[in-house]
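A structural walkthrough
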Amino acid sequence: MPTIFEKIIAGEIPATIVHQDDRVTAFRDISPQAPVHVLIVPNKPIPTVNDVGEEDERMLGHLFIVARDIAKKEGIAENGFRLIINCNKHGGQVVYHLHMHLVGGQALGPMLSGGTHG
Ligand code: AMP
């Protein structure tokens, strides 16, 4: 079954795309957690971080370059932002197509909330 992100990448369902090339697609999160909240997604449907392979190394580096460029375009590079990748149940992953959250546009506070280790 294709994930919702595969359908967005294929243009089958609407999304606000901010970047697309032959390796990655970036679009605005439907439920933004901050003024800027963009998801950067490999076009290849890798389910989780556990599933990345050596052959994905260049594409994953490219993901960071795209994140850098989007942060700059959105005007949040200088003040800063957060990149998040959730993995599986404990990581809070909901969509099983690897994606990086680019979140910023305001001070984001402590890295984790509700933790039991400090
Ligand atoms: P994660 O918990 O890391 O799997 O995050 C999944 C993210 O996908 C959430 O922040 C959702 O708001 C977002 N999301 C789900 N469906 C869509 C959609 N159709 N378009 C844009 N973002 C979506």
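Here is what the cut-offs are and how they apply
- Residues numbered from 1 in each chain as written.
- Predicted model: local features only at pLDDT ≥ 70, side-chain atom pairs only at ≥ 80, totals over all residues.
- Heavy atoms only, no water.
- Helix = DSSP H or I, 4+ residues; strand = E, 2+ residues; numbered from the N terminus.
- Buried < 20%, exposed > 50% of the residue type's maximum accessible area, 1.4 Å probe, protein only.
- Polar contact = N/O pair within 3.5 Å; in protein donor to acceptor, adjacent residues only side chain to side chain.
- Salt bridge = Lys/Arg side-chain N within 4 Å of Asp/Glu carboxyl O.
- Pairing = 2+ DSSP bridges.
- Axes fitted to C-alpha atoms, helices over the stretch in contact; angles between N-to-C directions.
- Contact = heavy atoms within 4.5 Å.
- Core = buried A, V, L, I, M, F, W, Y, C linked by side-chain atoms within 4.5 Å.
- Near = heavy atom within 4 Å.
- Areas by Shrake-Rupley, 256 points an atom, 1.4 Å probe, with all protein chains shown as cover.
- Nonpolar A, V, L, I, M, F, W, Y, C, P; charged D, E, K, R; others polar.
- Patch = residues over 30% accessible without salt bridge, like charges linked within 9 Å, V, L, I, M, F, W, Y side chains within 5 Å.

1. Description of the environment of Gln33
Of note, Gln33 is situated in the loop between strand E2 (24-28) and strand E3 (36-42). Judged by relative accessible area, which is 56%, Gln33 ranks as exposed. For the pair Gln33 and Ala71, spaced 38 residues apart in sequence, the C-alpha to C-alpha distance is 16 Å. Side-chain polar atoms of Gln33 contact the backbone oxygen of Ser31, separated by 2.8 Å.

2. Looking at the pattern of salt bridges
Applying the stated criterion across every chain yields a total of 5 salt bridges. Arg23 is the salt-bridge partner of Asp22, the closest N and O atoms lying 3.9 Å from each other. Looking at Arg23, the relative accessible area reads 31%, which means it is partly exposed.

3. Looking at the sheet that holds strand E4 (residues 81-84)
The 5 strands lie next to each other as E1-E2-E3-E5-E4, forming an open sheet whose pairing is antiparallel. At either end of the open sheet lies a strand with only one pairing partner, and these are strand E1 (17-20) and E4. On average, each strand axis in the sheet is inclined to that of its neighbour by 15°, with strand direction left out of account. Relative to E2, E1 runs antiparallel, the two sharing 3 bridges.

4. Description of the environment of Asp56
Mapping Asp56 onto the fold places it in the loop between E3 and helix H2 (57-73). Residue classification places Asp56 among the buried residues on the basis of a relative accessible area of 3%. Taking the C-alpha atoms as reference, Asp56 lies 9.5 Å from Ile46; in sequence the two are 10 residues apart. The residues touching Asp56, leaving out its near neighbours within four places in the chain, are Lys44, Ile46 and Asp51.

5. Some points on the nonpolar core
Membership of the largest hydrophobic core comes to 16 residues, with the highest contact counts inside it found for Val38, Ile40, Ile70 and Leu102. Of all the elements, H2 adds the most residues to this core, at 6 residues. Ile70 has contacts with Val18, His19, Ala26, Val38, Ile40 and Leu102, leaving out every residue within four places of it along the chain. Counting 7 residues, the second largest nonpolar core, distinct from the first, contains Phe5, Ile9, Leu39 and Val95.

6. Section: the site of the ligand
Contacts to the ligand come from 16 residues, most closely from Asp29, Asn86, Val94, His99 and His101. Here an oxygen atom of the ligand sits 2.7 Å away from a polar atom, N or O, in the main chain of Val94. Contact distances for the ligand include 2.9 Å between an oxygen atom and a backbone N or O atom of Val95. Here the ligand loses 83% of its free accessible area of 510 Å² to cover by the protein chains. Top element by residues in the shell around the ligand is helix H1 (residues 4-9). It accounts for 3 residues. Broken down by class, the residue content of the shell around the ligand amounts to 8 nonpolar, 6 polar and 2 charged.

7. Let's talk about a nonpolar patch on the surface
Among the surface-exposed residues, Val49, Val52 and Ile85 lie close enough to one another that they form a single nonpolar patch of about 190 Å² accessible area. Counting through the fold element by element, Val49 comes out in the loop between E3 and H2.

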